Amino acid sequence: MKRWEKVVVVIFAAVLLVILVFWSQLRWQRGQGDDAIQVDITDNVAKYGEVVSPISGTILDYIMIQAFVVKKVEDFKNVSLPATDYYSKDFIYRDILKWHFILFYFLISFLTKIISADWLWSIMTASSYVGLIVLVYWFLRKSKLSIVRSLPLCLLVMAHPVWNYSIRGQFYTDKLFLTLGFLLILVVVNKKVKLWHQIVLLLLLLTMIERIWMITAIFLIGYTVLNWGSLDRKRRFWQLSLAILLICYFFYITKIYINNSYYSSFLNWDRIIGFYATIRTNSVFFDNLLVFLFFNIPVLLLGIWSWKWMLIAMVMMLPNVFGSVGGAEKTGWSTHYHSMYFPFLVFAISDGYVNLLKKLKSNWWVLSLIVVVGAIFYAAIYPYVDSLDKLTFKKSMLRNNIIFYAVNELSDSRKESSGLVQTLTIHQKLRDSIPEGSIVSAPEYLFPPLYGNRKIYYYPLGMDDADYVVVWVRDIKSKPPKYYGIFSYLGVEETKKIDDYLSLRMKDSGYDVDHPILVGGDIVVIRRISKIK
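None of these values were measured; they are calculated from a predicted model. (Residues numbered from 1 in each chain as written. Predicted model: local features only at pLDDT ≥ 70, side-chain atom pairs only at ≥ 80, totals over all residues. Heavy atoms only, no water.)

This brings us to the overall build of the protein chain. Counting secondary structure elements, the protein chain contains 23 helices and six strands. A globule of 533 residues ought to have a C-alpha radius of gyration of about 24 Å, and the protein chain, at 24 Å, matches this closely. The principal-axis extent of the C-alpha atoms belonging to the protein chain is close to 80 × 55 × 50 Å. Taking all 533 residues of the protein chain together, 56% fall into the buried category. For the protein chain, the share of sequence-separated contacts (at least 6 apart) that also reach a separation of at least 24 residues comes to 71%. About 24,000 Å² of surface is accessible on the protein chain, with carbon and sulfur atoms providing 64% of the total. Positive and negative side-chain charges in the protein chain, numbering 57 and 40 respectively, have mean positions lying 12 Å apart. (Helix = DSSP H or I, 4+ residues; strand = E, 2+ residues; numbered from the N terminus. Rg over C-alpha atoms; globule rule 2.2 N^0.38 Å. Buried < 20%, exposed > 50% of the residue type's maximum accessible area, 1.4 Å probe, protein only. Contact = heavy atoms within 4.5 Å. Areas by Shrake-Rupley, 256 points an atom, 1.4 Å probe, with all protein chains shown as cover. Lys, Arg positive; Asp, Glu negative; His and termini not counted. Charge placed at Lys NZ, Arg CZ, Asp CG, Glu CD.)

A word on the pairing of strand β5 (residues 517-520). Both β5 and strand β6 (residues 523-527) contribute to a ladder of three bridges, which runs antiparallel. Residue Gly 520 lies in a different strand from β6, and its bridge partner there is Ile 523. Counted between consecutive antiparallel strands, the loop separating β5 from β6 contains two residues, among which Gly 521 sits at a positive phi close to 60°. (Pairing = 2+ DSSP bridges.)

What follows concerns the packing of helix α6 (residues 117-142) against helix α18 (residues 342-360). Relative orientation and spacing of two packed helices are given, respectively, by the angle between their axes and the distance between those axes. Relative orientation of the contacting elements α6 and α18 amounts to 25°, with a least axis distance of 10 Å. Classified by the angle their axes make, α6 and α18 are roughly parallel. In terms of crossing hand, the pair formed by α6 and α18 is right-handed. Along its contact with α6, which presents Leu 132, Val 136, Phe 139 and Leu 140, the element α18 presents Phe 342, Val 346, Phe 347, Ser 350, Asp 351, Tyr 353 and Val 354. Across the contact of α6 with α18, the residue classes tally to nine nonpolar, one polar and one charged. (Axes fitted to C-alpha atoms, helices over the stretch in contact; angles between N-to-C directions. Parallel < 35°, antiparallel > 145°, perpendicular 65-115°, else oblique. Left-handed = near helix turned anticlockwise from the far one by under 90°. Nonpolar A, V, L, I, M, F, W, Y, C, P; charged D, E, K, R; others polar.)

A regular strand places its side chains on the two faces of the sheet in alternate fashion. Both faces of strand β1 (residues 439-442) are covered, namely the face carrying Ile 439 and Ser 441 and the face carrying Val 440 and Ala 442. Bridge analysis of β1 against strand β3 (residues 468-473) gives two bridges, and the strand direction is parallel. Within the sheet, the bridge partner assigned to Val 440 lies in β3 and is Tyr 468.

Looking at the secondary structure, you find Arg 94 in the loop between α4 (73-76) and α5 (104-108). Residue classification places Arg 94 among the buried positions, given a relative accessible area of 15%. Contacts of Arg 94, omitting those with residues within four sequence positions, involve Glu 50, Val 51, Val 52, Ser 53, Tyr 86, Tyr 87, Ser 88 and Lys 89.

Scanning the entire structure with this criterion turns up seven salt bridges. For the salt bridge of Lys 330 with Glu 329, the shortest nitrogen-to-oxygen distance reads 2.8 Å. Here Asp 500 ties to Lys 496 by a salt bridge, and the two come within 3.2 Å at their closest N and O atoms. Of this pair, Asp 500 and Lys 496 both sit in helix α23 (residues 492-508), four residues apart, which is roughly one turn of that helix. When its relative accessible area of 30% is taken as the criterion, Asp 500 is described as partly exposed. (Salt bridge = Lys/Arg side-chain N within 4 Å of Asp/Glu carboxyl O.)

As a further point, take the confidence of the model for the protein chain. The share of residues in the protein chain with pLDDT of 70 or more is 92%, and the mean pLDDT across the chain is 88. Across residues 407-417, confidence stays below pLDDT 50; counting only partners more than four residues off in sequence or on other chains, it has 42 contacts. (pLDDT = per-residue confidence, 0-100.)

This paragraph deals with unusual backbone geometry. A cis amide bond links Tyr 459 to the next residue, Pro 460, at an omega of 10°. Take Pro 460: it is sitting in the loop between β2 (455-458) and β3.

Next up on the list: the packing of helix α9 (residues 177-189) against helix α10 (residues 195-206). Remark: α9 packs on α10, axes separated minimally by 10 Å, with the N-to-C direction vectors making an angle of 160°. Relative to α10, α9 is oriented roughly antiparallel. Judged by the sense of rotation from one axis to the other, the crossing of α9 with α10 is left-handed. Together, Phe 177, Leu 180, Leu 183, Leu 184, Val 187 and Val 188 of α9 and His 197, Gln 198, Leu 201, Leu 202, Leu 204 and Leu 205 of α10 make up the contact between the two elements.

Turning next to the packing of aromatic side chains. Within this structure, the stated rule accounts for 38 aromatic pairs. Between the aromatic rings of Phe 237 and Trp 238, the centroid separation amounts to 5.7 Å while the plane-to-plane angle is 75°, which identifies the pairing as edge-to-face. The exposure class assigned to Phe 237 is exposed, which follows from its relative accessible area of 52%. Relative to Phe 251, the ring of Phe 250 lies with its centre 5.4 Å away and its plane at 85°, an arrangement referred to as edge-to-face. Cluster of aromatic residues (ring-pair linked, three or more members): Phe 139, Phe 177, Phe 182, Phe 219, Tyr 223, Trp 309, Phe 344 and Phe 347. Taking NZ or CZ as reference, Lys 98 lies 4.1 Å from the ring centre of Tyr 257, over its face. It is Arg 149 that lies over the ring of Trp 364; its NZ or CZ is 5.8 Å from the centre. (Phe/Tyr/Trp six-rings, centres within 6.5 Å; stacked < 30°, edge-to-face > 60°. Lys NZ or Arg CZ within 6 Å of the ring centre and 35° of its normal.)

Shown next, in the form of structure tokens:
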């Protein structure tokens, strides 16, 4: 690249980074518990030198210990809801390293002396998304493609849901793998790069979540085997040795050190063997899988002209095909469950794109035009659905972004139709309504705007001792108002029964349910005015 082009790329990357940093910072308050957990852990590592988080504690308590997600209304009538001390050494999930072994927090926690943890995560997350595009462009230009021929593929990557919708979602170390994973590929395939460069990058990846270690090991093995003849003996030996060490480390941490039940239920042999039976009998799983394939298979077709990388990308996608985390690994584009395979998918289509253009020669513009049309399609369709018949162009990424920044409708505060100004105003009113130092029981969705010098519990946990309950209201004018906020896997009817019961329990527990504070949209703050009767 010439100097002027490098300057343009730097300016573009800087502008895009600033936009995405502010976008991520504004969006994190509309996120879920994962956002608050990452910020909370980073703050606590800086303060106490320990990977602890009461935010993570209350979520794991709700899901794993209390198992409220599968309890019926009669179960709630027989359970106490105290404000548990999640810092207590008696709490099974106090040490978050026992859930996910992430040492990366220690590398970044000192930066909270300069910048707040939420801004730090916004910057790191945005940098990963921008970094991926810059690396893709660099790879295409190094492959001797012109600027005009390189840009269409960059647009396609940016339009894919894993990029354009994921940036709207949660903070997580997984998402940093978008750039680091692509960089890993470039380091491994470049025979001029010294082996110690690989080792340094691998050491950085070792500080991140254990899923990255396994994915990296599989990649090293797959790449080495598929390119056995073109690699010298030393490189084959070291890459396979590093892969074996990573696998051993992964199994030691996941089987002996940590206590994360998801590793036994997410992807196991029973699920793989019973895959066909699952998709035949479980319509939700099958529909989610179709959506996942619908958005990934068309771009993966470019990998036909780079079959080795297409094969690697397909292997990396298998956990998302066979596994299930409530559908998030298939249709939950804003979650972190797509960050592992995406760098490999992007490299496969990039290499295939380069190879196909070389074959087309003077007809290169045909492929570039097709890729541009594909990018427009991805940008115009709303991918966050659980079945193909729900796909729509009425809620595209571009439309949602414009509405979020420009429209300020007074509507359900969780919907995309709520504008930026309204959202920030509601969240500020929410914080102003609840003094710092208070004990609050709230749905996970409202953790980020409530975060900061308040004890937050996953509603209805903590309700017996809380000062405030924050929930949503269906009809504030009814007597009493119709509150809701419980998270359950048991369907609409059972969930409504639990919500109705909890509303009565709030009244019996001394909450002023008849005079809620409406902070905007449908969010209400209910103050406790007396002790439990």
